[in-house]
Every structure is written in structure tokens, then in C-alpha cells.
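# Fold and contact review
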Amino acid sequence: MGKLERYFDDVARIRAEGVSTNGWVTVVRGHDGDLKVDIRPGMLRRCSPDEVASEIRTALLAAVADHRRQYRQLRVDYFRSPMGVELFTPAESPHGERSRP
């Protein structure tokens, strides 16, 4: 197996995880692209609908940022350059929440 094939295999195996701003939600993107969303017990009772949406959003964005970070690192590891892959930095929302990288 050549270097390019190993690179594509490693890209396909990326597993990314993101945790919401307040830690209520964890999103895992498996190597197959499926998303697993875990919500801590009690969140739906204790949080408003807007807070629930914000928690899910920040966890998803954190997972995307983690995936991009890992993908970029593979580019550096294999090709010594991240050219063409910028880090994903979610813009701040109107409510002021940001995801954690």
C-alpha cells in the first residue's frame, strides 16, 4: 500500500468529538460519518428550548472543529503542509456562545 492510500485510509478513520459549552451535550462523529449525540440526564428539564438548541449547536461545531484539526494534522504528517486546509473556527453566535476547540 502506497503513501497516498495510507493517507486516505487514515482520513477515513478520523473520529471527532465535541462537547457543548456547558457540557450538557457530547457529539461524536465516527469514522463512518455517523453522529452519536449524548445528552446528559436532566438537561431537557433544566434548560430552556433556546439553551438546548445552543448546547447542541456548540457540541456539533466543536466536533466539526476537532475533525478539521485532525484532518489538517494528517496533511502535515503525510505531506509536511496543511495547504488547502484551514482550521475551523466557529463564528460567535448572536447569543455569544462559542464552541471549545
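Refer to the structure presented above.
Residues numbered from 1 in each chain as written. Predicted model: local features only at pLDDT ≥ 70, side-chain atom pairs only at ≥ 80, totals over all residues. Heavy atoms only, no water.

Per the secondary structure count, the protein chain includes three helices and three strands. Its helices and strands taken in sequence order, the protein chain reads α-β-β-β-α-α from the N to the C terminus. Out of the 101 residues in the protein chain, the part that is buried amounts to 33%. Taking contacts inside the protein chain between residues at least 6 apart in sequence as the whole, the part at least 24 apart equals 50%. Working note: accessible area of the protein chain is about 6800 Å², and carbon and sulfur atoms make up 53% of it. (Helix = DSSP H or I, 4+ residues; strand = E, 2+ residues; numbered from the N terminus. Buried < 20%, exposed > 50% of the residue type's maximum accessible area, 1.4 Å probe, protein only. Contact = heavy atoms within 4.5 Å. Areas by Shrake-Rupley, 256 points an atom, 1.4 Å probe, with all protein chains shown as cover.)

With that settled, consider unusual backbone geometry. For R80, which is not a glycine, the phi torsion comes out positive at approximately 60°. Along the chain, the position of R80 falls in the segment after helix 3 (49–79).

The next thing to look at is the pattern of salt bridges. Evaluation of the coordinates by the stated rule reveals four salt bridges. Ionic pairing is found between R13 and D10, a salt bridge with its closest N-O pair at 2.4 Å. Across the pair R15 and E17 runs a salt bridge, and its minimum N-O distance is 3.8 Å. With a relative accessible area of 48%, R15 lands in the partly exposed category. (Salt bridge = Lys/Arg side-chain N within 4 Å of Asp/Glu carboxyl O.)

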